[in-house]
Structure formats: structure tokens, C-alpha cells
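# Observations on the three-dimensional arrangement
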Amino acid sequence: MLEINAENFEVEVLQSDKPVLLDFWGTKCEPCKALMPAVEKLAEKYGDKIKFCKLNTAENRRLAISQKVLGLPTIAMYKDGAKVEELTQDKATPDNIEEMLKRYV
Amino acid sequence: MQDIYDIIVIGGGPAGLSAGLYGARSRAKTLILEKGKWGGQAATTEELENYPGSIEQPTGPEITARMKRQAEEFGAETRAETVTKLELGGKIKKVITESAEYQAKTVIIATGAKPRLLGCPGELELRGKGVSYCATCDADFFTDLRVVVVGGGDSAIQEAIYLTKFAEKVTVIHRRDELRAAKSIQERAFANPKIDFIWDSVVIEIKGDGIVESVVVKNVKTNEVKEVQTDGVFMFVGYDPVSDLVKGLVDMDERGYIITDENMSTNVEGVFAAGDVRVKSLRQVVTAASDGAIAAVRAEHYISENF
């Protein structure tokens, strides 16, 4: 999964041709780390149609807040330069994420 | 057909990991199943200062990761799977997950508890948008911002203190005029210049357009209502058991906590419960670990008498 930061967010996420899944996580967020392997698995399955990215919020706090993300884990979908859907905390389960992905393949 | 496990533990928090450790160490064929994050609620707190031996900066994630490693080193299997169905009636129990079906002579239910929702307007809509139930997950976001903490127990006050490392100001909103938290925690909170208190008050609404902007607070004695500007709301208003899976299968109290005897036995033969999911007077990591140990040892007794 591609690491996103303030420098490449615009190009890789907002200007992406493909829909983008952005995994907001943090170094101290245990639920995020527990979820990550499942997202990586989904990346193998849907990686040709959707671009999978992750963003460490501990290093990119301002960027996360600018995206109105203030809670972890948050898995967001971006399409045509805008955030179109997201799953946060309890809702961010592998099943729910796959369901969301299917709407963009 | 698959091998039959001696013990299947459902839940990978301190109770389940301790049960797994004790089971595997006595050479019982043991499997621990966890649906989400290993370590349970203990893995979401930095401050674990009341677990015996946990001095010199061990954190919840660290201690629970060690518990998991320890159980595995003794031979317990650990799998990240969600249990969807249980058949506990027969002598051999069936544990069905989304991807497999297991059989076991005994089952230890250690599914724990989860933070309770407050239930006010705005709470669900603004979850992850400033409303949080996990300080370690989300505290970073609130560096130099203002947050409120709702609750007055150990968790609430401990996490309020933790949040002062990040936030500019932490306001504790509590429905009574005194805290329930342990005295030592209270003293630290009262001495902390970043923490202030709104007493006798409840949050009746969380407001914000996309992200949290304020909470509406009502004084329960005077009925006075005021709006408090804030960037984050951390909820610690109690816990509910995670016991839907065994509803109707084992005896529970009216809140959904599983009823056991002092040996962790439920009303169903070969089925035990351990940790926060059980009816008990103190829900702590130390009592969860204790429950797990007892449950595993009693499970072995049960196996030697019945198989």
C-alpha cells in the first residue's frame, strides 16, 4: 500500500484516475494495526481496480483533520478528487470495507 | 474430521490469553479465537499502573502482546477469526467461525465488554469526527485543542490525565458532585492544571457540522442548560458485556453478563466464562487474568472426569 503524506496527497489521492481507498491509521492505534492485514488482503484482491493507500495520522495530523478524520481507524474512499464514503471505528470491519469496495470496482 | 480441541477460548483479551496460557501449559490442546484486536480493552489503554508487576512504563498494548506471546510459547494456537455460531449442548461442542468449524471438549467464553454509548443526539453521527471511546487511538488528533471527557470512574479520569499530554485543556463532565475513580487517580487529576470539571451535569447533545464543535450540557440539579465549545468528546460512561453470541445458550443476568460459580462454570456442562463478560464485582486486567487461569484449570478437571 502506498504511503500518503502532505506532499503526495494531492497527486496520489485527489488526482488519481482510479478510485482510492485511504486507510487512516496511527502508531498508537491498536485496532488500526489489527485491521491492517485484512486491508492488505483486500488490496491483493481489488488492487487492479482500486488504488490502496495508507496515511499515518501521527505524522500527518493536519492533513487528517483537514479531511475531517478525527478518529481511528477510518477507511475512506476517494473518487474524482473528493471523499465519497468512509467507515470509522466499529464500522471499519473487513466485511464492511469489502462491501464498500465493491461499490467502486 | 478435524482434531478435537480440549479447550477453545473465545476472546483474545487478558482473560482469554490467560486461559490459553494455563491450558496450553498443562498440555491441553488449546485454541484462542479473536475477532478483532488482540489484547482486548487493555490494549487500548496506555496506563496500566494497577496490574501487579507492571511498573516502569509498560503500556496496555505491550503487556497484552506479551501475554499473547507467552500463551503461544506454551503451545496455544491463536487465530484471528470471528465466531458466528456456537453449539454448546452436546458433549462435544461446536464452534463455528466465518471460515471454519471447530470441535472442542470445553469452551471458555472470554468475549469481554465494550464501552457503553451515551445515547445522545450527535453521538453516532460524529463518531470518529471528534467523538471517541479510545484515548490512545485518537488523543494525537487533539494536540493543543480542547476536549471534554464524559464520566467519573477510573477509566474516565485516567484517560483525562492521559489526554492532558496532548490537549490544551481537558474538561471532565460528570453527573455527580464527586468522582468514583480511585483516590490516587483523583488526586492526580485535581492537581493537574489542564483539567477542570463540570459537576452534576450530563451531555444531552453533541453538535458539529462534519466534526465536533460543541456539547450541550445540562445541570441535573438546577436544570440549567449551556453549550460548551470543544474539539473532541471522549466517552467513558461504563461498559456493556459482549455476549450476544451466547444469548439463550447460557444463563445471564438482565444486563447480559454471564452467570458463573466461583470456578467460572456456567450452567452448561463444559462451558466456562472468564473476564469482563462475567457477573463479578471488579472488572480489571488482574481479575480477568485470574478468571482465565481458574477457567482453564477447571476445564482440565472437567475433561479428566468426563472423557
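Residues numbered from 1 in each chain as written. Chains lettered and ligands numbered in written order. Predicted model: local features only at pLDDT ≥ 70, side-chain atom pairs only at ≥ 80, totals over all residues. Heavy atoms only, no water.

### Digging into the overall build of chain A
Quick reminder of the rule: Numbering of helices and strands starts at the N terminus; helices are DSSP runs of H or I of at least 4 residues and strands are runs of E of at least 2. Buried means the residue's accessible area, taken with a 1.4 Å probe over protein chains only, is under 20% of the maximum for its type, while exposed means over 50%, and partly exposed covers the values in between. Between two residues, a contact is recorded if the distance between any of their heavy atoms is within 4.5 Å. The method behind every accessible area is Shrake-Rupley, applied with a 1.4 Å probe, and residues are considered shielded solely by the protein chains displayed.
When its secondary structure is counted, chain A shows 4 helices and 5 strands. Going residue by residue from the N terminus, the α and β elements of chain A occur as β-α-β-α-β-α-β-β-α. Each principal axis of the C-alpha atoms in chain A carries an extent, and together these give about 30 × 30 × 20 Å. For chain A, the proportion of its 105 residues judged to be buried stands at 50%. Long-range pairs, those at least 24 residues apart, make up 66% of the contacts in chain A between residues at least 6 apart in sequence. With an accessible surface of roughly 5100 Å², chain A has 47% of that area assigned to carbon and sulfur atoms.

### With respect to the domain arrangement of chain B
Residue and element names in this part refer to chain B. The condition is simple: Domain ranges listed in this record stem from an automatic or a database domain assignment. Accessible area that two parts lose when put together, evaluated with a 1.4 Å probe and summed over both, is termed the buried area. Take a side-chain nitrogen of Lys or Arg and a carboxyl oxygen of Asp or Glu: if they are within 4 Å of each other, that pair is a salt bridge. Side-chain atoms alone can form a polar contact between residues adjacent in sequence; in general such a contact is a pair of N or O atoms within 3.5 Å, and within protein one must be able to donate a hydrogen while the other accepts it.
Split by domain assignment, chain B resolves into domain 1 (4-114 + 239-306) and domain 2 (117-235). For domain 1 versus domain 2, the separation of C-alpha centres amounts to 32 Å. Taken residue by residue, the interface counts 6 residues in domain 1 and 9 residues in domain 2. Buried area between domain 1 and domain 2, summed over both chains or domains, comes out near 730 Å², and the portion from carbon and sulfur atoms is 37%. When the buried area of domain 1 at its contact with domain 2 is split by residue, Thr44, Glu47 and Glu49 rank highest and sum to 59% of it. Counting every contact that joins domain 1 to domain 2 gives 1 salt bridge. For the salt bridge of Glu49 with Arg188, the shortest nitrogen-to-oxygen distance reads 3.0 Å. Summed over the shared surface of domain 1 and domain 2, the result is 4 residue pairs in polar contact (both at pLDDT 80 or more).

### Observations concerning the interface of chain B and chain A
Quick reminder of the rule: Gly is put with the polar residues, along with every residue not named as nonpolar or charged; the nonpolar set is Ala, Val, Leu, Ile, Met, Phe, Trp, Tyr, Cys and Pro, and the charged set is Asp, Glu, Lys and Arg.
Counting from both sides, the interface comprises 25 residues of chain B and, opposite them, 20 residues of chain A. Here chain B packs against chain A, burying approximately 1900 Å² in sum over the two surfaces, 57% of which is carbon and sulfur. Among the residues chain B hides against chain A, the three largest losses belong to Arg127, Lys129 and Phe141 of chain B. Together they make up 32% of the total. Taken together, chain B and chain A are joined by 2 salt bridges. Here Lys129 of chain B and Glu86 of chain A are joined by a salt bridge, their closest N and O atoms 2.5 Å apart. At the junction of chain B and chain A, the tally comes to 10 residue pairs in polar contact (both at pLDDT 80 or more). Of all the elements in the fold, those that place two or more residues in the side of chain B that touches chain A are β8 (131-132) and α3 (135-138) of chain B. Residue contributions to the side of chain B that touches chain A peak at 3 residues, all from α3 of chain B. The residue inventory of the side of chain B that touches chain A, partitioned by class, reads 11 nonpolar, 7 polar and 7 charged.

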